[in-house]
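Structural overview for review
What follows is each chain in one-letter form.
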Protein chains: 2
Amino acid sequence: MAEAGSKQEVYIGVDMGGTKVLAGVFDTQLRLIGTEKVSTKSERGVDAVLERINRVVRDAVDECDLTMKQVKGVGIGAPGAVDPGSGKVLFAPNLKWTDVPLKKDLEKRLEVPVFIENDCNVCALGVFERQLKGKFKHVVGIFIGTGIGAGIILDGKLFSGFNRTAGEIGHMVIDAGSELKCGCGNKGCFEALASRTAIFKRLKDEVKRGEKTVLTEMLGDDLANMRSGDLRKATRKNDKLVNKVIEDAAYYTGIAVANIINVLNPEAVVLGGGVIDALEGEMMSIITEVAKDYAMQGTFKGVEIIAAIDADNVGIVGAAVLARRESK
Amino acid sequence: MAEAGSKQEVYIGVDMGGTKVLAGVFDTQLRLIGTEKVSTKSERGVDAVLERINRVVRDAVDECDLTMKQVKGVGIGAPGAVDPGSGKVLFAPNLKWTDVPLKKDLEKRLEVPVFIENDCNVCALGVFERQLKGKFKHVVGIFIGTGIGAGIILDGKLFSGFNRTAGEIGHMVIDAGSELKCGCGNKGCFEALASRTAIFKRLKDEVKRGEKTVLTEMLGDDLANMRSGDLRKATRKNDKLVNKVIEDAAYYTGIAVANIINVLNPEAVVLGGGVIDALEGEMMSIITEVAKDYAMQGTFKGVEIIAAIDADNVGIVGAAVLARRESK
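Before going further, it helps to examine the environment of Ile-33 of chain A. Residues and elements named next belong to chain A. Mapped onto the fold, Ile-33 is located in strand E3 (residues 32-39). Residue Ile-33 is classed as partly exposed on the basis of its C-beta count, with 17 C-beta atoms lying within 10 Å. A C-alpha to C-alpha distance of 21 Å links Ile-33 and Asp-119, two positions 86 residues apart in sequence. Not counting the four nearest positions on each side in its chain, Ile-33 is found in contact with Val-10, Val-25, Phe-26, Asp-27 and Cys-64.

The following block contains the structure:
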């Protein structure tokens, strides 16, 4: 049960994206009390974004009828290469940031301890600690949304690599002969085959080519404002086009999971993010089956492939886990 | 300089393959004194193979005019999942071995300390310690021969994963749409696109299809007994078919290297094995260029792609490094 109002201590988890910043208020048991959202507006410059993060955190706390004095720590998952030690975002292409002292600056504004990590690392950490209770040694978390990223936990610790960019799994090439272009400029990347962006693009292309789908009845011929949840609705109406597109995305995801199992041989692979949250029932069994087919037999033995619980919220949950872990 | 005969101490490095076992005698500075080779004959059963390893080690020592008393340790790289702690080969599909107490048994036969590891791990360890002098933190060694495997060093230590099978990079799918079959039964694996087996198969197929190459003048129309060195000779005669096939293999290798850099972000990727040993000049610049193209910019920064020195001998060198490291 939640503790009594004024004495309650909370952690804030912040999921900082290229388009929006989401802040979640969590009790010490990591139960979500409330959230607040603001657009990032990175085009206004670093200082403006920092002030917006300050504001969304304070607003979230206020909306929950709490005060900043009750906040034990703020965790932030930032998109890009992050150095948790120095508290800097080394570079974040989506935000056009280089060497931003995110921790130091926000601690000044918020007057509470702030801890930062790469956004996918934060997601993996959250799943590892809250869902898996730290029971596995080596875990890879793959998060499928607008883009695709991963957080890697080896021997119970986050592994970030040389430039703190490990886990760029979305840009692992899995279909070199593909004509499908990725945002990074290359072709055949996992992200170009199975992200929400890739799924939506293919559906729009197929509709333009004259393919039929209930999505046009739901959203109009241009499939405007499509969301992952619309795809779930379409599959429940047994829509052939949507079924096929989702099956293909799940197939490529299965290959990517097998690649990770063959290369890193983790004990568990956890899948999360908005696409998995909306389409877990449609995708997970295909992903698991394909991964099993493509992974080497001895390598796959005993490895678990799991969907993240509360997959759409892994970002704020993980950031709160980071705050709780680090402010101890 | 080598020490005086009878007092000299040596390490033995054994590269245990599916078809042959190679033993190298090294001085304490890891200079190669001599080698001996025997066929594996795994079809004769575990005991016969163990006795053959015993024999090839003793023969190698004898050929160098040394005695077993001068051997400080024997290192063995075995093909499969190896548990160095228990000294067991957990499973080795090529040998049809399961739970073989390799260390214990050979220590009885050889009467000297024996240390075992997975063959690709041993290769990576050898390159890491002898060539790179341990100066990088995170290194992936990729070894291209009949098959393709990798050894992963993170934070200066070998990383083997949950089932001790990490590094099965040859079965990373990089061209899902490919029709090229891999020995593992799948299609589009790195090994099916760039191993010696894949390169030779493609050359034979192209010749059958009527393509011209100097290789047929050198080896006959069936390209019998082809070796990697023959390809080098052909490229030096500017043979168009061989050039094209090698370029393609290097291209896929570059993609695989980029995948590893994107996922693990090591500080260095080292390429070794018989194919690289024979075709370093032809392949390395293409591999590096393609890897740079496919790796994310921030991820690639400062990462080195290096050819292994003495690439064909990395197996025995690495095993000797293991022996020296462990018998200290």
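Structure's up, so let's keep going.
A separate point is the interface of chain B and chain A. By a widespread convention, an interface's size corresponds to the accessible area lost as its parts come together. Counting residues at the interface gives 41 residues for chain B, matched by 39 residues for chain A. Going through the elements one at a time, helix H8 (240-264) and helix H10 (297-300) of chain B are the ones with two or more residues in the side of chain B that touches chain A. Sorting elements by how many residues they give to the side of chain B that touches chain A places H8 of chain B first, with 7 residues. Among the residues forming the side of chain B that touches chain A, the class breakdown is 21 nonpolar, 15 polar and 5 charged.

Our focus in this paragraph is the pairing of strand E6 (residues 88-92) of chain B. Residue and element names in this part refer to chain B. Within E6, 4 of the 5 residues are buried, which leaves it mostly tucked inside the rest of the structure. The pairing of strand E5 (residues 81-83) with E6 spans 3 bridges and is classified as antiparallel. Bridged to Ala-81 within E6 is Phe-91. By the bridge criterion, 3 bridges tie E6 to strand E7 (residues 97-100) in an arrangement that is antiparallel. Opposite Phe-91, over in E7, you have Thr-98 as the bridge partner. Where E6 folds back on E7, the antiparallel hairpin that results is connected by 4 residues, among which Lys-96 adopts a positive phi of roughly 60 degrees.

Our next topic: helix H11 (residues 314-326) of chain A. All names here are of chain A. When the terminal C-alpha atoms of H11 are compared, their 18 Å separation across 13 residues agrees well with the 18 Å that a helix rising 1.5 Å per residue should span. Counting buried positions along H11 yields 11 of 13 residues, so the element is predominantly enclosed. Within H11, the full set of buried residues consists of Val-314, Gly-315, Ile-316, Val-317, Gly-318, Ala-319, Ala-320, Val-321, Leu-322, Ala-323 and Arg-324.

So, on to unusual backbone geometry. Residues and elements named next belong to chain A. In this structure, Asp-65 is a non-glycine residue whose phi angle is positive, near 60 degrees. Along the polypeptide, Asp-65 turns up in the loop between helix H1 (46-63) and strand E4 (71-78). Using a count of 11 C-beta atoms within 10 Å as the deciding quantity, one classes Asp-65 as exposed. Located in the positive-phi region is Glu-111, a residue other than glycine, with phi close to 60 degrees.

Attention now moves to the sheet that holds strand E11 (residues 157-158) of chain B. Residue and element names in this part refer to chain B. Read from one edge of the open sheet, 5 strands run E11-E10-E9-E12-E13, paired in mixed fashion. Edge positions in the sheet fall to E11 and strand E13 (304-307), since each has one partner strand and no second. The pairing of strand E12 (residues 268-272) with E13 spans 4 bridges and is parallel. Note on E13: the bridge partner recorded for Val-270 is Ile-306. Of the strands in this sheet, strand E9 (139-144), E12 and E13 are in contact with H8, which crosses E9 at around 155 degrees. Packed on one face of the sheet, helix H9 (residues 274-294) meets E9, E12 and E13 and runs near 165 degrees to E13.

Residue and element names in this part refer to chain A. Taken N-terminus to C-terminus, the directions of helix H3 (residues 119-131) and H11 make an angle of 75 degrees; their axes are 7 Å apart at the nearest point. With respect to their mutual orientation, H3 and H11 come out roughly perpendicular. Every residue of H11 that contacts H3 at Asp-119, Val-122, Cys-123, Leu-125, Gly-126, Val-127, Glu-129 and Arg-130 is listed here: Val-314, Gly-315, Val-317, Gly-318, Ala-319, Val-321 and Leu-322. The residue inventory of the contact of H3 with H11, partitioned by class, reads 9 nonpolar, 3 polar and 3 charged.

All right, on to the domain arrangement of chain A then. Residues and elements named next belong to chain A. Per the domain assignment, the segments of chain A are domain 1 (5-125 + 314-326) and domain 2 (126-311). Domain 1 and domain 2 are separated by 26 Å when their C-alpha centres are compared. Put simply, the parts of the chain that give the side of domain 1 that touches domain 2 at least two residues each are strand E5 (81-83), H3 and H11. It is H3 that contributes the most residues to the side of domain 1 that touches domain 2, 6 residues altogether. Among the residues forming the side of domain 1 that touches domain 2, the class breakdown is 12 nonpolar, 3 polar and 1 charged.

The next point concerns the sheet that holds E5 of chain B. Residues and elements named next belong to chain B. What the 3 strands build is an open sheet, ordered E5-E6-E7; its pairing is antiparallel. Looking along the sheet, the strands with just one partner apiece sit at the ends: E5 and E7. Going from strand to strand, the sheet's axes swing by 15 degrees on average, the running direction of each strand aside.

So, on to the pairing of strand E1 (residues 10-16) of chain A. All names here are of chain A. Across the 7 residues that make up E1, a large majority, 7, are buried. With burial as the criterion, each face of E1 is covered, one bearing Val-10, Ile-12, Val-14 and Met-16 and the other bearing Tyr-11, Gly-13 and Asp-15. Inspection of the sheet shows E1 paired to E4 by 6 bridges, in the parallel sense. Opposite Tyr-11, over in E4, you have Gly-73 as the bridge partner. Summarising the sheet, E1 and strand E2 (residues 20-27) pair through 7 bridges and their orientation is antiparallel. Opposite Val-10, over in E2, you have Asp-27 as the bridge partner. Connecting E1 to the antiparallel partner E2 that follows it, the hairpin turn spans 3 residues.

Rules used in this analysis
- Residues numbered from 1 in each chain as written.
- Chains lettered and ligands numbered in written order.
- Predicted model: local features only at pLDDT ≥ 70, side-chain atom pairs only at ≥ 80, totals over all residues.
- Helix = DSSP H or I, 4+ residues; strand = E, 2+ residues; numbered from the N terminus.
- Buried ≥ 20, exposed ≤ 12 C-beta atoms within 10 Å, placed from the backbone.
- Contact = placed C-beta atoms within 7 Å.
- Nonpolar A, V, L, I, M, F, W, Y, C, P; charged D, E, K, R; others polar.
- Pairing = 2+ DSSP bridges.
- Expected span 1.5 Å × (residues − 1).
- Axes fitted to C-alpha atoms, helices over the stretch in contact; angles between N-to-C directions.
- Parallel < 35°, antiparallel > 145°, perpendicular 65-115°, else oblique.
- Domains from an automatic or database assignment.

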